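Summary of structural features
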Amino acid sequence: MKKRVFIAMPAQEVLRSKASSFREVHRNLPVRWVPPENLHVTLVPPWYCDGVEGIFGKLYDLLDTVKVFDVCFGTISVGPTLKKPRLIWASGGVHDGLGKLQEKLSCLVEPRFDKPEKAFLLHVTLARAKKNRKICLVPEVIDWKVTFHSVRLYESILRPSGAEYRVLCEVELGAE
């Protein structure tokens, strides 16, 4: 049976704490907040896959020499565009190291339509707009320095209340 899966780096406690503080200050926005345990940076977006067990070993092999990632999120704003403000996210701009990791991991995805080449944009989604609601948020400059220690293969189960994530596999990254 096909599963909807994606590959991401889960947020560690430092990022979850900073996101919770932001959420508390902006608790009146018309959004669905992403639960702290679901915060992550997506490396390979969702795809449908048969036999996810076959991906586990490949994921371990591909990440064998990859070290932990230190990143800095510099802005909280709406996205994906100003014309379509459906999300609130913390972003850190283009990140070459994560872009290279994303390219490396993309070989695990079953063939799909070609997409235009884009640089990897470091971001973590903090909230999604409630149905038919617009998000008004003045961009905020932040200085969130965090380290990512692992990569996970998640199953994404779509529910009316939002996606539910199940960890299928986790690979710890090497020390710096």
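Shown above is the structure to which this text applies.
Residues numbered from 1 in each chain as written. Predicted model: local features only at pLDDT ≥ 70, side-chain atom pairs only at ≥ 80, totals over all residues. Heavy atoms only, no water.

1. Quick notes on the sheet that holds strand β1 (residues 3–10)
Strands sit in the order β3-β1-β8-β9 across an open sheet of four strands; the sheet is antiparallel. Sheet topology places β3 (40–49) and β9 (164–172) at the edges, where each strand pairs with a single neighbour. Between one strand axis and the next, the sheet turns through 25° on average, direction left out of account. One ladder, built from seven bridges, connects β1 with β3; its direction is antiparallel. Considered in β3, the bridge of A8 is made with T42. Sheet strands in contact with helix α2 (residues 53–62) are β1, β3, β8 (150–157) and β9, and its direction is about 45° off that of β9. Across the face of the sheet, helix α3 (residues 96–105) comes into contact with β1, β3 and β8 while running at roughly 15° to β3. (Pairing = 2+ DSSP bridges. Helix = DSSP H or I, 4+ residues; strand = E, 2+ residues; numbered from the N terminus. Axes fitted to C-alpha atoms, helices over the stretch in contact; angles between N-to-C directions. Contact = heavy atoms within 4.5 Å.)

2. A short note on the pattern of salt bridges
Under the definition given, this model contains six salt bridges. Note that E170 is salt-bridged to R152, the shortest N-O span being 3.2 Å. Taken as a pair, E170 in strand β9 and R152 in strand β8 lie far apart in primary sequence, 18 residues in all. The residue R166 makes a salt bridge to E155 at a minimum N-O spacing of 2.7 Å. (Salt bridge = Lys/Arg side-chain N within 4 Å of Asp/Glu carboxyl O.)

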